[in-house]
Amino acid sequence: MKQTFCVIFKKESSIIAVDSISCGPHCLMNVDLQTDATLQVDISDALSERDKVKFTVHTKSTLPNFKQNEFSVVRQHEEFIWLHDSFVENEEYAGYIIPPAPPRPDFDASREKLQKLGEGEGSMTKEEFTKMKQELEAEYLAIFKKTVAMHEVFLCRVAAHPVLRKDLNFHVFLEYNQDLSVRGKNKKERLEDFFKNVVKSADGVLVAGVKDVDDFFEHEKTFLLEYHNRVKEASAKSDRKIRSHKNAADDINRIASTLYTLGTQDSTDLCKFFLKVSELFEKTRKIEARVAADEDLKLADLLKYYLRESQAAKDLLYRRGRALVDYENANKALDKARAKNKDVLQAETTQQVCCQKFEKISESAKQELIDFKTRRVAAFRKNLVELAELELKHAKGNLQLLQSCLGVLKGDT
Amino acid sequence: MRSTGSYAHQRCVACAQNISNQKLVQGILDSIPSPEAACLSAEDISPSSNGPRDDDPDDLFAEATEEVSLDSPERQPILSDGPSPAITPVTPVMISPRVDVFDRSPDQDEDEEENRDTFDIQISVSDPEKVGDGMNAYMVYKVTTKTSLSIFSRDEVCVKRRFSDFLGLYSKLASKYMHMGYIVPPAPEKSIVGMTKVKVGKEDLSSVEFVEKRRSALERYLLRTVKHPALLKDPDVLQFLESSELPRAVSTQALSGAGILRMVNKAADAVNKMTIKMNESDAWFEEKQQQFENLDVQLRKLHASVESLVCHRKELSVNTASFAKSAAMLGNSEDHTALSRALSQLAEVEEKIDQLHQDQSYADFYLISELLGDYVRLITAVKGVFDQRMKAWAKWQDAQVMLQRKREAEAKLQYANKPDKLQQATDEIREWEGKVQQGERDFEQISKNIRREVGRFEKDRVKDFRVVIIKYLESLVHTQQQLIKYWEAFLPEAKAIA
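Residues numbered from 1 in each chain as written. Chains lettered and ligands numbered in written order. Predicted model: local features only at pLDDT ≥ 70, side-chain atom pairs only at ≥ 80, totals over all residues. Heavy atoms only, no water.

## Examining the overall build of chain A
Part 1 of the argument: Helix and strand counts for chain A stand at 8 helices and 5 strands.
Part 2 of the argument: Contacts spanning at least 24 positions in sequence make up 71% of the contacts within chain A whose residues lie at least 6 apart.
Part 3 of the argument: Total accessible area on chain A stands at roughly 21100 Å², and carbon and sulfur atoms take up 54% of it. (Helix = DSSP H or I, 4+ residues; strand = E, 2+ residues; numbered from the N terminus. Contact = heavy atoms within 4.5 Å. Areas by Shrake-Rupley, 256 points an atom, 1.4 Å probe, with all protein chains shown as cover.)

## Observations regarding the overall build of chain B
Part 1 of the argument: Looking only at helices and strands, one finds 11 helices and 4 strands in chain B.
Part 2 of the argument: Burial analysis of chain B (498 residues in total) assigns 54% to the buried set.
Part 3 of the argument: Taking all contacts inside chain B whose residues are at least 6 apart in sequence as the whole, residues at least 24 apart take part in 74%.
Part 4 of the argument: Summed over its atoms, the accessible surface of chain B is roughly 22400 Å², and 55% of this surface lies on carbon and sulfur atoms. (Buried < 20%, exposed > 50% of the residue type's maximum accessible area, 1.4 Å probe, protein only.)

## Digging into the interface of chain B and chain A
Part 1 of the argument: Across the contact, 55 residues belong to chain B and 63 residues belong to chain A.
Part 2 of the argument: Between the two partners, chain B and chain A, sit 8 salt bridges.
Part 3 of the argument: In this structure, A:Arg376 and B:Glu334 form a salt bridge, with 2.7 Å as the shortest nitrogen-oxygen distance.
Part 4 of the argument: At the boundary of chain B and chain A, one finds 18 residue pairs in polar contact (both at pLDDT 80 or more).
Part 5 of the argument: Here the side of chain B that touches chain A gets 24 residues from one element, more than from any other, and that element is helix H9 (residues 283-333) of chain B. (Salt bridge = Lys/Arg side-chain N within 4 Å of Asp/Glu carboxyl O. Polar contact = N/O pair within 3.5 Å; in protein donor to acceptor, adjacent residues only side chain to side chain.)

## Digging into the pattern of salt bridges
Part 1 of the argument: Inspection of the entire model under this criterion finds 52 salt bridges over all chains.
Part 2 of the argument: Residue A:Lys304 pairs with A:Asp239 through a salt bridge whose shortest N-O separation is 3.3 Å. In this pair, A:Lys304 is assigned in helix H7 (residues 270-340) and A:Asp239 in helix H6 (residues 215-265), connecting sequence segments 65 residues apart.
Part 3 of the argument: Residue class for A:Asp239 comes out partly exposed when judged on its relative accessible area of 23%.
Part 4 of the argument: A salt bridge links B:Asp296 to B:Arg300; the shortest N-O distance between them is 3.1 Å. Here B:Asp296 and its partner B:Arg300 are both found in helix H9, 4 residues apart, which amounts to about one turn of the helix.
Part 5 of the argument: The class for B:Asp296 is buried, based on a relative accessible area of 5%.

## A closer look at the UniProt feature "coiled-coil region" (unreviewed entry) in chain B
Part 1 of the argument: UniProt feature "coiled-coil region" (unreviewed entry): in the numbering of this structure it lies at residues 422-449 of chain B.
Part 2 of the argument: In this annotation, residues 422-449 of chain B is assigned 100% helix and 0% strand; the end-to-end C-alpha distance for the span is 40 Å. (UniProt positions renumbered as here; feature names shortened; annotations may be inferred.)

## Brief notes about unusual backbone geometry
Part 1 of the argument: Although it is not a glycine, A:Asp343 adopts a positive phi angle of roughly 55°.
Part 2 of the argument: By the element assignment, A:Asp343 lies in the loop between H7 and helix H8 (344-412).
Part 3 of the argument: For B:Asp127, which is not a glycine, the phi torsion comes out positive at approximately 50°.
Part 4 of the argument: Checked against the element boundaries, B:Asp127 lands in strand S2 (residues 118-131).

## Points about helix H2 (residues 108-119) of chain A
Side chains that are three or four residues apart share a direction in an α-helix, a result of its 3.6 residues per turn.
All names here are of chain A.
Part 1 of the argument: Taking 1.5 Å of rise per residue, the 12 residues of H2 would be expected to cover 16 Å, and the 17 Å separating its terminal C-alpha atoms lies within 8% of that figure.
Part 2 of the argument: Residues Ser-110, Leu-114, Leu-117 and Gly-118 constitute the buried set of H2. Down the axis of H2, the sector holding all buried residues measures 100°, keeping them to one side. Residues of H2 that are exposed and angled more than 90 degrees away from the buried face: Glu-112, Lys-116 and Glu-119. (Expected span 1.5 Å × (residues − 1). Arc of directions from axis to C-beta.)

## Thoughts on the confidence of the model for chain A
Part 1 of the argument: For chain A, the average pLDDT comes to 83, and 87% of its residues sit at 70 or higher.
Part 2 of the argument: Across residues 1-34 of chain A, confidence stays below pLDDT 50; counting only partners more than four residues off in sequence or on other chains, it has 94 contacts. (pLDDT = per-residue confidence, 0-100.)

## Observations concerning the pairing of strand S5 (residues 70-75) of chain A
Residue and element names in this part refer to chain A.
Part 1 of the argument: Only one face of S5 is covered, namely the face carrying Phe-71, Val-73 and Arg-75; the face carrying Glu-70, Ser-72 and Val-74 is uncovered.
Part 2 of the argument: Sheet analysis places strand S4 (residues 53-61) next to S5, joined by 6 bridges and oriented antiparallel. Each residue of the ladder has a partner; that of His-58, found in S5, is Ser-72. (Pairing = 2+ DSSP bridges.)

## Digging into the packing of aromatic side chains
For any pair of aromatic rings, the description rests on two quantities: the centre-to-centre distance and the angle between the ring planes.
Part 1 of the argument: For the structure shown, the criterion picks out 27 aromatic pairs over all chains.
Part 2 of the argument: When the centroid spacing of 4.6 Å and the interplanar angle of 20° are considered together, the rings of A:Phe107 and A:Tyr140 count as stacked. With A:Phe107 in the loop between helix H1 (77-89) and H2 and A:Tyr140 in helix H3 (residues 126-160), the pair connects residues that are 33 residues apart, well separated along the chain.
Part 3 of the argument: Aromatic ring contacts, followed pair by pair, group A:Phe274, B:Trp284, B:Phe285, B:Phe292, B:Tyr375, B:Phe386, B:Phe457 and B:Phe465 into a single cluster.
Part 4 of the argument: It is A:Arg376 that lies over the ring of A:Phe372; its NZ or CZ is 5.1 Å from the centre.
Part 5 of the argument: Stacked on the ring of B:Trp432, the Lys or Arg B:Lys435 has its end atom at 4.1 Å from the ring centre. (Phe/Tyr/Trp six-rings, centres within 6.5 Å; stacked < 30°, edge-to-face > 60°. Lys NZ or Arg CZ within 6 Å of the ring centre and 35° of its normal.)

## A look at the side chain of A:Glu295
Part 1 of the argument: Summarising the element assignment, A:Glu295 is placed in helix H7.
Part 2 of the argument: Residues in contact with A:Glu295, not counting those within four places in the same chain, are A:Lys241, A:Ile242, A:His245, A:Ala300, A:Leu387 and A:Glu391.

## Brief notes about the nonpolar core
One broad trend across soluble globular proteins is that nonpolar side chains are buried collectively.
Part 1 of the argument: One finds A:Phe281, A:Phe380, A:Leu384, B:Leu299, B:Phe465, B:Leu473 and B:Trp487 to be the most contacted residues of the largest nonpolar core, which totals 130 residues.
Part 2 of the argument: Elements with a contribution of two residues or more to this core: H6, H7 and H8 of chain A together with H9, helix H10 (337-416) and helix H11 (419-495) of chain B.
Part 3 of the argument: No other element matches the 31 residues that H10(B) contributes to this core.
Part 4 of the argument: Leave out the neighbours within four places in its chain, and B:Leu299 touches A:Leu262, B:Leu372, B:Tyr375, B:Val376, B:Ile379 and B:Phe465.
Part 5 of the argument: Counting 37 residues, the second-largest nonpolar core is a separate cluster that includes B:Tyr177, B:Ala187, B:Ala230 and B:Leu238. (Core = buried A, V, L, I, M, F, W, Y, C linked by side-chain atoms within 4.5 Å.)

## Brief notes about H10(B)
Residues and elements named next belong to chain B.
Part 1 of the argument: Between its first and last C-alpha atoms H10 spans 116 Å; for 80 residues at 1.5 Å apiece the expected length is 118 Å, and the two agree.
Part 2 of the argument: Where H10 bends most, at Phe-365, the angle is about 30°.
Part 3 of the argument: Backbone geometry just downstream of H10 places Asn-417 in the positive-phi region, at approximately 60°. (Bend = angle between axes of the 7 residues up to and from the residue.)

## Brief notes about the packing of H1(A) against H3(A)
Residues and elements named next belong to chain A.
Part 1 of the argument: H3 packs onto H1 with a crossing angle of 35° between their chain directions and a minimal axis gap of 11 Å. Two packed elements cross with a definite hand, and for H1 against H3 that hand is left-handed. Facing H1, whose interface residues are His-77, Phe-80, Leu-83, His-84 and Phe-87, H3 presents His-151, Phe-154, Leu-155 and Val-158.
Part 2 of the argument: Taken together, the residues of the contact of H1 with H3 sort by class into 6 nonpolar, 3 polar and no charged. (Axes fitted to C-alpha atoms, helices over the stretch in contact; angles between N-to-C directions. Left-handed = near helix turned anticlockwise from the far one by under 90°. Nonpolar A, V, L, I, M, F, W, Y, C, P; charged D, E, K, R; others polar.)

## Thoughts on a nonpolar patch on the surface
Residue and element names in this part refer to chain A.
Part 1 of the argument: A cluster of nonpolar side chains, contributed by Leu-191, Phe-194, Phe-195 and Val-198, occupies part of the molecular surface with about 410 Å² of accessible area.
Part 2 of the argument: Checked against the element boundaries, Val-198 lands in helix H5 (residues 187-209).
Part 3 of the argument: Residue Val-198 is classed as partly exposed on the basis of its relative accessible area, which comes to 42%. (Patch = residues over 30% accessible without salt bridge, like charges linked within 9 Å, V, L, I, M, F, W, Y side chains within 5 Å.)

## Here's the deal with the confidence of the model for chain B
Residue and element names in this part refer to chain B.
Part 1 of the argument: Taken over all residues, the pLDDT of chain B has a mean of 75, while the share at 70 or more is 71%.
Part 2 of the argument: Averaged over each element, pLDDT in chain B is lowest for strand S1 (residues 67-69) (37) and highest for H9 (92).
Part 3 of the argument: Across residues 1-117 the pLDDT falls below 50, and counting only partners more than four positions away or on other chains, this stretch makes 215 contacts in the model.
Part 4 of the argument: Scoring of the predicted complex yields 0.76 for pTM and 0.84 for ipTM.

## Overview of the environment of A:Val385
Part 1 of the argument: Here A:Val385 shows up in helix H8.
Part 2 of the argument: Separated by 36 residues in the primary sequence, A:Val385 and A:Thr349 place their C-alpha atoms 54 Å from one another.
Part 3 of the argument: Once residues within four sequence positions are removed from consideration, A:Val385 is found in contact with B:Leu491, B:Ala494 and B:Lys495.

## Here's the deal with the environment of B:Thr320
Part 1 of the argument: Tracing the sequence through the fold places B:Thr320 in helix H9.
Part 2 of the argument: With a relative accessible area of 1%, B:Thr320 lands in the buried category.
Part 3 of the argument: The spatial distance from the C-alpha of B:Thr320 to the C-alpha of B:Glu350 is 6.3 Å, given a sequence separation of 30 residues.
Part 4 of the argument: Other than its neighbours up to four places away in sequence, B:Thr320 contacts A:Lys241, B:Glu350, B:Ile353, B:Asp354 and B:His357.

## Focus on the state of the cysteines
Part 1 of the argument: Following the criterion strictly, the structure yields 0 disulfides over all chains and no others.
Part 2 of the argument: Between A:Cys355, a free cysteine, and A:Cys354, which holds the nearest cysteine sulfur, the sulfur-to-sulfur gap is 8.7 Å. (Disulfide = S-S within 2.5 Å.)

Below you can see the structure in the form of structure tokens.
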């Protein structure tokens with residue numbers, strides 16, 4: 001599925017860069033989500049303006065509840081969050097792993113650099129300025145592509161889920177071609193969320209302490225807890241590593257420029273030498289930057305995504321644990337009611353409701369967790385293979401450049 | 001890096017860093033395929049196995065041990081007007097004096113490149129040892145000279161020298177030769193911070209690296225010094241290399257009387273430079289000065305960028321190692337067996353890559369960064385030599401002004417009819433005429449010397465840079481080859497995840 005999107009970033013009123021790129025199929029994290037013809041969702045276009053990104057969500061469906069077979073709407077990040085939150089708050093979906101919400105598009109760092117570039121325009125040579133501008137544009141583009149990918153993955157996951165894909169809010173999200181009038185949470189609501197999270201974590205600890213009768217869930221609980229923490233650490237470390245890599249590539253860039261100047265100034269035979277080496281470093285630096293970018297895409301993003309998904313899985317276990325506790329409490333209440341012979345019917349109904357809820361969650365949770373493992377293994381496999389292949393490709397490219405340059409330089413002496 | 005074998009004997013510490021330094025050098029040496037895996041420890045090198053780059057790609061610092069054999073009527077006192085050849089090492093084939101060398105007329109300078117002699121001398125600095133304790137402690141280095149030149153009393157000499165001895169040597173050479181226009185290679189810089197750590201006995205990674213950095217720099221300094229044909233024959237140099245006892249060079253201490261005098265002189269020079277407005281009649285000098293000015297700026301910039309690269313690569317290595325650990329932990333907690341194994345393999349690959357980055361950063365540093373640092377200092381010496389010429393010119397001009405004044409004074413006295421004072425005035429005129437002539441001669445001599453020196457310097461510069469850059473690119477090639485090896489081993493593991 002080809003996608004094209006436009007990147008425009010404006011500084012005051014002058015447009016600095018306009019670029020149109022098409023990239024290959026996304027859905028990096030999930031391998032088997034595009035096979036169902038009844039509902040296919042993707043992000044076909046995206047526009048970046050001053051503070052927001054506008055995604056064009058494109059749907060192809062043979063389902064009867066849509067008015068057309070193919071249609072597109074424009075959505076912003078807040079609307080994705082609204083959709084995600086509506087899933088989380090829906091009691092019916094308590095037994096499912098809710099696909100994690102995409103992170104907010106964050107161009108702040110890039111924008112800051114762009115501003116610094118603009119301010120420093122007077123103090124650099126024309127070549128330096130153009131070079132830096134190109135780099136910044138490339139960086140901006142990379143962040144842009146990533147945010148599009150992450151929003152798309154979210155939608156694909158929802159569309160692939162047998163129950164969530166039927167959700168009414170989801171259909172409205174896909175089809176309603178007006179603004180959903182979803183505002184971001186205001187301060188009060190965010191504060192409420194914060195407290196809810198605190199309560200949930202405290203509760204989660206209590207709930208986690210309850211030993212589960214079921215071996216499968218007990219194992220999953222221990223596994224997920226440890227896994228989540230390890231993924232978090234691996235994700236942080238891989239980010240640091242990639243940043244160092246980018247820094248080193250930047251240094252090589254500067255070295256290449258200085259060598260070029262040396263080459264133009266030198267009065268000895270070294271001038272040709274310097275120019276050749278400068279050219280070489282320009283090329284190898286581009287490759288190094290690509291290596292860092294690919295590692296970012298294939299490794300860092302993978303880890304970040306599974307950090308979020310493992311959190312969603314943990315949330316599922318929490319909900320089940322909560323339901324179990326409620327069920328056990330209801331049992332105890334029923335026993336007490338029977339002993340006192342008071343409000344027995346009410347206690348019985350409550351107990352039955354709790355029991356049904358718990359069993360429903362348990363059943364779907366089991367399947368969800370099994371699917372989670374399958375997805376995870378497949379995603380890691382795909383990304384690790386692609387990572388290794390890309391590393392090889394780049395190393396071979398680098399090697400070839402270096403060897404051919406060495407050949408020329410040695411031949412000259 | 002030289003003398004890896006003796007590095008292990010260092011009293012300081014046998015820490016992992018030590019071992020990995022050796023591994024690094026061995027690794028670089030082993031991996032660059034070549035018939036001779038040159039071992040760089042001083043004891044093993046025989047004069048015929050070392051040579052210029054063309055023939056010995058393994059030897060990282062082979063430019064440090066050249067084979068140039070000199071067997072010409074060059075044993076003239078240093079101050080003579082006879083031309084000294086521009087020394088450029090040629091082939092590793094043992095010393096046979098070129099017959100055409102002796103065909104020289106006093107006027108040849110730049111043409112001397114054609115007449116090549118070969119030197120045969122190798123110097124190594126090794127075995128740093130700490131002597132004493134606390135703030136009075138100092139490092140002593142073993143300086144080994146192997147040569148077949150007859151000006152040396154023995155074929156092989158070993159002496160112990162401390163850092164201030166090197167500084168003392170430089171200071172003597174500078175005071176003797178700089179005013180004649182010779183480019184005297186500067187000694188490595190003092191570092192109070194670095195030395196204090198060593199003195200205090202902190203046997204950690206940074207002080208080990210500091211000692212190694214200094215040892216390497218001292219070696220390069222000596223080799224550059226003896227490469228200079230006039231300096232090689234200097235009695236101070238010979239004494240430094242040969243005699244077991246050397247009077248302590250106290251005047252090199254920063255806060256000594258001599259040190260302060262030096263600082264005052266430097267300041268005075270700087271002021272003079274600003275006030276001397278020279279009428280440059282020779283465009284060559286103006287052009288060269290501008291070129292060196294530009295070169296200085298660019299080399300400093302390059303040096304800064306390379307230092308930054310070294311730093312970031314070290315960081316990359318550390319971060320890769322830390323990531324490798326976290327990947328291993330992740331693999332441990334992953335409950336799918338095949339994925340778990342693949343993640344462990346990934347961790348191993350990353351660990352190997354981290355070592356690769358570390359090795360590469362050493363190459364960045366010892367090959368490129370130190371070379372650039374050396375040249376930045378050398379160019380300062382070159383600029384100093386141009387300044388000396390300006391001073392010589394100023395002296396000559398001053399003498400002319402003085403002569404003029406004396407003549408005017410004599411003319412006045414002739415009218416005043418004072419015969420005894422007249423005689424004195426005439427004598428003074430003769431004296432100053434002599435000084436003017438001497439001034440002019442000195443100026444021409446220094447100009448000639450500088451031309452020759454700059455020619456030699458540029459030749460060496462071209463060679464040095466070429467050699468080092470090629471060596472560096474080869475190290476980069478090695479890194480990429482290793483990367484390919486590691487990832488190729490990993491790929492089937494990743495594909496095996498089922």
